[in-house]
Amino acid sequence: MAVDCRPQVNPEPIRSQIEGTCIMGGSLATLGEISFKEGVVLQENFHAYQLILMDDAPREIRVHPLPSPSTSHR
């Protein structure tokens, strides 16, 4: 994943956040559903959603924060 997050003070937490986002997105795409019973949504909140477990997650997620453009305009 390539990420343009602009100025970066510490890129490691940025990488961790994007890795988590990738896992969450994969979980929602493959496991997520909204189901209804008698007109009522069965998934009450986020605790009812399944997430990809470690064994099913990608072994490697490559995150490449793009370098910040120069801020000097002089």
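Rules used in this analysis
- Residue numbering note: each chain is counted from 1, following its sequence as written.
- A pLDDT threshold of at least 70 governs which residues receive local features in this predicted model, and a stricter bar of 80 or more applies before side-chain atom pairs are shown or counted, although totals over entire chains, interfaces and linings include all residues.
- The basis for the side-chain values is all heavy atoms of the structure; hydrogens and waters are excluded.
- Each helix is a run of DSSP H or I of at least 4 residues and each strand a run of E of at least 2, with the numbering of both proceeding from the N terminus.
- Whenever two N or O atoms come within 3.5 Å, that pair is a polar contact, provided that in protein one can donate a hydrogen and the other can accept it, and provided that, for residues adjacent in sequence, both atoms are side-chain atoms.
- It only takes one pair of heavy atoms within 4.5 Å for two residues to be counted as in contact.

Draft legend 1. Representation of the side chain of Ser35 within the structure. Secondary-structure assignment places Ser35 in the loop between helix H1 (11-30) and strand S2 (36-37). In this structure the side chain of Ser35 is engaged in a polar contact, spanning 2.9 Å, whose partner is the side chain of Gln43. What Ser35 contacts, discounting residues up to four positions off in sequence, is Val40, Val41, Leu42 and Gln43.

Draft legend 2. Just the environment of Arg59, in detail. The residue Arg59 is located in the loop between strand S3 (40-41) and strand S4 (64-65) in this model. At 3.5 Å, the side chain of Arg59 forms a polar contact with the backbone oxygen of Met54.

Draft legend 3. Structural view of the environment of Val3. Among the structural elements, Val3 can be located in strand S1 (residues 2-3). In this structure, the C-alpha to C-alpha distance between Val3 and Val63, residues 60 residues apart in sequence, is 7.3 Å. Apart from the residues within four sequence positions on either side, Val3 is in contact with Ile18, Val63, His64, Pro65 and Leu66.

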